[in-house]
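Coordinate inspection notes
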Amino acid sequence: MTPNLAKFVDRLPILPTANPLKKAKNASFYEMRMEEFKRKFHRDLPPTTVWGYNRQVPGPTIDVKKGETAHVKWINHLPPRHILPVDTSILEKGLPEVRTVTHLHGGHTPTESDGYPEAWFTRNFGQVGPAFKQKVYNYPNNQRAAMLWYHDHAMGLTRLNNYAGLAGAYIIRDQHERSLNLPSGDYEIPLVIQDRSFNQDGSLSYPTQPDDAATNLPNPSVVPAFLGDTIVVNGKVWPYVEVEPRKYRFRILNASNTRGYTLYLDSNQSIFQIGSDGGLLKKTSKMKQVTIEPSERFDVIIDFSKWNRKNITLKNDLGANASEDDQTDDIMQFAVTKPLTSKDNSRIPRDLSSIPSLHKQPIKAHRQLTLQGSNDQYDRPLLILNNKRWHEPVTEKPQRGTTEIWSFVNTTNFTHPMHIHLVQFQVLDRQPFDLDHFNQTGEFIYTGSPKAPKANERGWKDTVAAPGGQVTRVIANFGPYTGDYVWHCHILEHEDYDMMRPFKVIDPNEKYHDS
Ligand code: C2O
Ligand code: CU
Ligand code: CU
């Protein structure tokens, strides 16, 4: 595993903003080229071969105004061989080894530009997948200010392509947010958190087989989970950042494959969460610690004004299961060493935005969707949704413009972060049930009453923690587009095998036929 590395010796990289090739009044044109290159993750590590967009890992941040369309040509310029172990047993036969397709996570995106897993393409569009539609993706950005993110979504390769580096932040800004006088400019910093393991030679380490692998497994074989032994923020292992004694806004993205984090500050300071996946919350939520699952975004303010000359560590509470040599309880450090350059006039507002309740709308459908475990022919764990594999026909077909409740019934004993494309949803509640009884009879005996979402979930979400033995209910309005989308667990090892399902938004006025 990773050689011992000193902590807080590398400066936190500030992610560069993507430069549009062209800018029109309400549109920007970008080219994002995926390439293989080397990047140093730590002072004492040799350079690491990675895949990134425009020679950045994470990719450059796309930063747009609400209503400004971004046209992005995602170009695959990667070599023909993968840098990580590809398990072909979970793929259709004969697929090219290196395939990519980019998804804007959290975006209200037309289906042709959503990055459907089977809309993949190879280098220079040499080969394209069955769902491929177009080379240039269009993002209308008609949604409230939020930090989204873009990442690779190729069928059966998402865990590897993301681990190799194909991910980046995407910020939409609007007038309302600007009016709040939040910390901005140099005092607004995106933090992309990922766990990684490295070999002695600096190369990325990713398992070729599960730990307790039986002998008959395919080699390489997909693994049911991945936990790296170092924490990387904005592309550096355990970095530090020098800050002024003032308020900062940090836009935190958990871009890890499997790992969730419970973040807290060793100064015992509060973290003020102002936004979640889909933008500002209703009210600021003041917390000592926050748990962030893969793909969730937490928009937070930390006030360093009383901490001049102090070093504050952002920690990860590993809970009781932590082993002694586990180093992943450290994330990064804030060194309050810079002089205050100007008076801090920014604010932490109590009220942030209005969130219209979807609850009041008529509910067109209520879907009960199970998250369940099974085994494949090699006796490997195979996680599935609603007892169906990815390739089975579409079963979820909401009508455009209608509101539905989706209940994620988690019959496993761990949390799955569930994500729905196209929409931002609201979390209604969570309710525990008797798991054993359910698994034997299929019948719910609730063991408690429904619990309201946490304070920092009272806003728009696109990814929600669905804990084991609970029903997690979300509500969404499916629109404004029709077409093919997906919903899945955002643990990338699960998504790839096979915890992902298609859904189709249909036009209520159009007759359609099941194929
Ligand atoms: Cu971020 Cu379908 O995923
Ligand atoms: Cu998504
Ligand atoms: Cu999962």
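The structure reproduced in this document is the subject of the present report. Positions within a chain are numbered from 1, following the residues in the order the chain's sequence is written. Here the convention is simple: chains get letters from A, ligands get numbers from 1, in the order in which they are written. Thresholds applied to this predicted model are a pLDDT of at least 70 for local features of residues and 80 or more for the giving and counting of side-chain atom pairs; totals over whole chains, interfaces and linings are not thresholded and use all residues. As a rule here, side-chain values come from all non-hydrogen atoms in the structure, and water together with hydrogens is ignored.

This part covers the sheet that holds strand E16 (residues 261-265). Pairing between the strands of a sheet is mediated by backbone hydrogen bonds and can be parallel or antiparallel. Strand order in this open sheet of five strands is E14-E22-E21-E16-E19, and the pairing throughout is mixed. Where the open sheet ends on each side, the last strands, each with one partner, are strand E14 (240-242) and strand E19 (289-292). For this sheet the average axis-to-axis angle between neighbouring strands, irrespective of direction, equals 20°. Strand pairing is assigned whenever DSSP detects at least two bridges linking the two strands. The numbering of helices and of strands both runs from the N terminus, where a helix is a DSSP run of H or I of at least 4 residues and a strand a run of E of at least 2. Across four bridges, the pairing between E16 and E19 is antiparallel. To obtain an axis, a line is fitted to C-alpha atoms, over the contacting stretch when the element is a helix, and the angle between two such axes runs from 0 to 180 degrees between their N-to-C directions.

Stacked, tilted and edge-to-face are the three classes assigned to paired rings of Phe, Tyr and Trp, where Trp is represented by its six-membered ring and a pair needs centres within 6.5 Å; plane angles under 30 degrees give stacked, over 60 edge-to-face, the rest tilted. Throughout the structure, instances matching the rule amount to 29 aromatic pairs. Centroid distance Trp406 to Phe503: 5.7 Å. Interplanar angle 80°. Geometry classified as edge-to-face. Of the two residues, Trp406 is situated in strand E25 (residues 402-410) and Phe503 in strand E31 (residues 500-505); the sequence distance between them amounts to 97 residues. For the pair formed by Trp406 and Phe503, the shared burial category is buried. Taking the centre distance of 5.3 Å and the plane angle of 85° together, the rings of Phe433 and Phe444 count as edge-to-face. Here the residue Phe433 occupies a position in the loop between strand E27 (426-432) and helix H3 (435-441), and Phe444 occupies one in the loop between H3 and strand E28 (463-466), the gap between them amounting to 11 residues. Here the term buried applies to any residue with accessible area under 20% of the maximum for its type, exposed to any over 50%, and partly exposed to those in between, with areas from a 1.4 Å probe on protein chains only.

For the rest of this paragraph, the subject is the sheet that holds strand E8 (residues 146-152). Sheet architecture is open: four strands sit in the order E4-E9-E8-E6, paired in mixed fashion. Looking at strand neighbours, the two that pair on one side only are strand E4 (59-65) and strand E6 (102-105), the edges of this open sheet. Averaged over all adjacent pairs, the angle separating strand axes in this sheet is 20°, with direction ignored. The pairing of E6 with E8 spans four bridges and is classified as antiparallel. Note on E8: the bridge partner recorded for His103 is His151.

The textbook angles at a metal center are 109.5 degrees for a tetrahedron of four donors and 90 or 180 degrees for an octahedron of six. Coordination here is defined by N, O and S atoms within 2.8 Å of the metal (3.2 Å for Na, K and Ca), and since water is not considered, a site can look incomplete. Surrounding the copper ion (ligand 3) are the protein donor atoms His416 (ND1), Cys489 (SG) and His494 (ND1), at 2.0 to 2.1 Å. The sequence pattern formed by the donor residues of the copper ion (ligand 3) is H-x72-C-x4-H. As far as burial versus exposure is concerned, Cys489 and His494 are alike and both buried.

A word on the side chain of Glu396. By the secondary structure assignment, Glu396 is in the loop between strand E24 (381-385) and E25. For the charge count, each Lys or Arg is scored as positive and each Asp or Glu as negative, with His and the chain ends excluded. We define a salt bridge as a contact between a side-chain nitrogen of Lys or Arg and a carboxyl oxygen of Asp or Glu at a distance within 4 Å. Although Glu396 is buried, it forms no salt bridge, and the closest oppositely charged side chain is Arg501 at an N-O distance of 4.6 Å. In the analysis that follows, any N or O atom pair within 3.5 Å is treated as a polar contact, provided that within protein one partner can donate a hydrogen and the other can accept it, and provided that, for residues neighboring in sequence, both atoms belong to side chains. At a separation of 3.0 Å, a polar atom in the side chain of Glu396 contacts the side chain of Thr395. Side chain to side chain, Glu396 and Trp487 meet in a polar contact 3.3 Å long. Contact partners of Glu396, with chain neighbours within four places excluded, come to Arg367, Leu369, Asn386, Trp406, Trp487, Pro502, Phe503 and Lys504. We call two residues in contact whenever any of their non-hydrogen atoms come within 4.5 Å of each other.

Glancing now at the coordination of the copper ion (ligand 2). In the first shell of the copper ion (ligand 2), the protein supplies His103 (NE2) and His419 (NE2), at 1.9 Å from the metal. A residue pair is termed long-range when its members are at least 10 positions apart, and His103 in strand E6 and His419 in strand E26 (residues 416-420) qualify at 316 residues. For the residue pair His103 and His419, the accessibility class agrees, reading buried in each case.

Where empty space is left can be seen by rolling a probe of water-molecule size over the atoms. Here a cavity denotes grid points, spaced 1 Å and computed from the protein atoms alone, that fit a 1.4 Å probe unable to get out, and a pocket denotes an open set having protein on both sides within 12 Å along at least 5 of 7 lines; residues with an atom within 4 Å of a point are the lining. Grid points are joined across faces, edges and corners, and a volume is the space filled by probe spheres set on the points. This structure, assessed with the given rule, holds four cavities of 30 Å³ or more. The space that makes up the largest cavity amounts to roughly 90 Å³. Lining the largest cavity are Val222, Val223, Pro224, Arg380, Pro381, Leu382, Leu383, Glu493, His494 and Tyr497. For the lining of the largest cavity, the elements supplying multiple residues, two or more each, are E24 and helix H4 (492-495). The dominant element in the lining of the largest cavity, judged by the number of residues it contributes, is E24, at three residues. Polar here means any residue outside two lists: the nonpolar Ala, Val, Leu, Ile, Met, Phe, Trp, Tyr, Cys and Pro, and the charged Asp, Glu, Lys and Arg; Gly therefore counts as polar. Split into classes, the residues belonging to the lining of the largest cavity amount to seven nonpolar, one polar and two charged. The computed volume of the second largest cavity comes to approximately 50 Å³. Forming the boundary of the second largest cavity are 13 residues, of which Ala146, Met147, Arg251, Ser276 and Asp299 lie nearest the centre.

Our focus in this paragraph is the pairing of strand E2 (residues 27-39). Pairing of strand E1 (residues 22-24) with E2, which is carried by three bridges, proceeds in the antiparallel orientation. Note that in E2 the partner of Lys22 across the bridge is Phe29. Connecting the antiparallel pair E1 and E2 is a turn made up of two residues. Here eight bridges tie E2 to strand E5 (residues 69-76), and the two strands are oriented parallel to one another. Note on E5: the bridge partner recorded for Arg33 is Ile75. One ladder, built from six bridges, connects E2 with strand E3 (residues 48-53); its direction is antiparallel. The residue of E3 that forms the bridge with Glu36 is Trp51.

The linkage connecting Asn219 with the following residue, Pro220, adopts the cis geometry, with an omega of 0°. Mapped onto the secondary structure, Pro220 falls in the loop between strand E11 (204-205) and strand E12 (230-233). With a phi close to 70°, Arg309 is a non-glycine residue in the positive phi region. One non-glycine residue with positive phi stands out, namely Asp379, at about 70°. Here Asp379 is to be found in the loop between strand E23 (363-375) and E24.

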